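# Inside the fold
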Amino acid sequence: IKRIGVLTSGGDSPGMNAAIRGVVRTGLSEGLEVYGIYDGYLGLFQNRMILLNHCSVSDIINRGGTFLGSSRFPDFRKYTIREKVVRNIKKRNLDALVIIGGDGSYIGAKKLSDMGCPCIGLPGTIDNDVSGTDYTIGYFTALETIIEAIDRLRDTSSSHQRVSIVEVMGRYCGDLTIAAAIAGGCEFVVVPELKFEVQDLVNKVKFDIAKGKKHAIVAITEHICNVFDLAKYIEKKTGKETRATVLGYIQRGGKPVAYDRILGSRMGVYSVELLLQGCSGCCIGIQNEKLVYNDISSIIQQCVHRPFRQDFFRTAKRLF
Ligand code: ADP
């Protein structure tokens, strides 16, 4: 291997820059040429890339997002599109690619590997929804942002004696919501992995009021229901003023916390080491604080049935 490329794909996450930096600095120290590909698979298709040097990745460790840009490029699912991408990769003499993204990006990486372009995947997403790793790059930063928002909501919720419903990102994974509920001191949590009975929430609010509680915070993952309608319903059924807040994209941005910088750096370094050992079609994870790698195929299959962290949820419920 003489020349590699690195790209970020799918939703951006804080710590992706640290991962790119890890790839670049390790690649250079091994005598490789490292190309930064703009805007994920779209940039690969459009042949937009730049040769990176040591200084190209200076001053980015502390920055959220990804300086290479990211995108969703649904056409990458088409074989003919990927054929053109493979031709671009060959023309540029790229021997291998590091793909930083979520499980969708992993599928793309696996398909490229199967077409003769060795790829290695790094889990870059705030959602923590990738199998084969305890944590994804960006998760802990997003969690900090959410907790800060919940702390603020608590102030106003307490002053006005309201119920606050706060919608958290996570797609189909409740990790961010449960962790936010524990650290933010929420009274109720709704996650996509478990059936939501609205009557349980009504009962809980009524029970808390009877106990003398003056306000409540409810954490709910996105895509479960319309939280504004839910707020109206809870207010109607409990007589308690209820407001909904959708945190939205602010959860994606911001300076990465130390853990995400370190995780991104470790995974970035490790990815180049693995490529040099001939690894292809695999992805990196952290399990019990140790870096590991797995075949992407096995991870993608598990994604459908990614185990729900039941113990985590039990802890949250104990504290309600
Ligand atoms: P994430 O990587 O964060 O899960 P997406 O699911 O949007 O985000 O995937 C990012 C990109 O990965 C897509 O825009 C597409 O270019 C590529 N991708 C996703 N699924 C596939 C697939 N089945 N085949 C090929 N490429 C895919």
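Since the model is a prediction, treat every value here as computed from it, not as a measurement.

## Some thoughts on the confidence of the model for the chain
On average, residues of the chain carry a pLDDT of 95, and 98% of them reach 70 or more. Listed scores for the predicted complex are pTM 0.96 and ipTM 0.98.

## Side note on the UniProt feature "binding site: Mg(2+)" (unreviewed entry) in the chain
Under the UniProt annotation, "binding site: Mg(2+)" (unreviewed entry) lies at Asp103. Mapped onto the elements, Asp103 comes out in helix 4 (residues 103–114).

## Comments concerning the UniProt feature "binding site: ATP" (unreviewed entry) in the chain
This chain's UniProt record puts "binding site: ATP" (unreviewed entry) on Gly11, Arg72, Phe73, Gly102, Asp103, Gly104 and Ser105. These residues run over 95 residues, yet every pair of their C-alpha atoms falls within 14.0 Å of each other. Lining the largest pocket, from the residues just named, are Gly11, Arg72, Phe73, Gly102, Asp103, Gly104 and Ser105. Given the relative accessible area of 55%, Arg72 is considered exposed. With near-sequence residues (within four places) excluded, Arg72 lies in contact with Gly10, Gly11 and Arg252.

## As for the packing of helix 5 (residues 139–159) against helix 6 (residues 175–184)
Two elements in contact, helix 5 and helix 6, have axes separated by 9 Å at closest approach and are oriented at 45°. Classified by the angle their axes make, helix 5 and helix 6 are oblique. As helix 5 runs across helix 6, the sense of the crossing is right-handed. Residues Tyr139, Ala142, Leu143, Ile146, Ile147, Ile150 and Arg154 of helix 5 touch helix 6, and the partners they reach there are Asp175, Leu176, Ala179, Ala180, Ala183 and Gly184.

## Structural notes on the sheet that holds strand 9 (residues 242–246)
Across a sheet, strands are paired by hydrogen bonds formed along the backbone, either parallel or antiparallel in direction. Strand order in the open sheet formed by four strands is 7-8-6-9, with parallel pairing between adjacent strands. On the outer flanks of this sheet lie strand 7 (188–190) and strand 9, each paired with one strand and no other. The average undirected angle you get between the axes of adjacent strands in this sheet is 20°. This element, helix 8 (residues 227–238), spans strand 6 (163–168), strand 8 (216–221) and strand 9 of the sheet and lies at about 165° to strand 9.

## Concerning the nonpolar core
The biggest cluster of nonpolar side chains holds 29 residues, and the ones touching the most others in it are Ile4, Val6, Val98, Ile100 and Ile120. Of all the elements in the fold, those that place two or more residues in this core are strand 1 (3–8), helix 1 (16–29), strand 4 (96–101), strand 5 (119–123), helix 9 (258–276) and strand 10 (282–287). If one sorts the elements of this core by residue count, helix 9 sits on top with six residues. In this structure, Val98 is in contact with Gly5, Val6, Leu7, Val23, Ile120, Leu122, Ser271 and Leu275, ignoring residues within four places of it in sequence.

Cut-offs used in this document
Residues numbered from 1 in each chain as written. Predicted model: local features only at pLDDT ≥ 70, side-chain atom pairs only at ≥ 80, totals over all residues. Heavy atoms only, no water. pLDDT = per-residue confidence, 0-100. UniProt positions renumbered as here; feature names shortened; annotations may be inferred. Helix = DSSP H or I, 4+ residues; strand = E, 2+ residues; numbered from the N terminus. 1 Å grid on protein atoms, 1.4 Å probe; cavity = no way out; pocket = protein on both sides within 12 Å on 5 of 7 lines; lining within 4 Å. Buried < 20%, exposed > 50% of the residue type's maximum accessible area, 1.4 Å probe, protein only. Contact = heavy atoms within 4.5 Å. Axes fitted to C-alpha atoms, helices over the stretch in contact; angles between N-to-C directions. Parallel < 35°, antiparallel > 145°, perpendicular 65-115°, else oblique. Left-handed = near helix turned anticlockwise from the far one by under 90°. Pairing = 2+ DSSP bridges. Core = buried A, V, L, I, M, F, W, Y, C linked by side-chain atoms within 4.5 Å.

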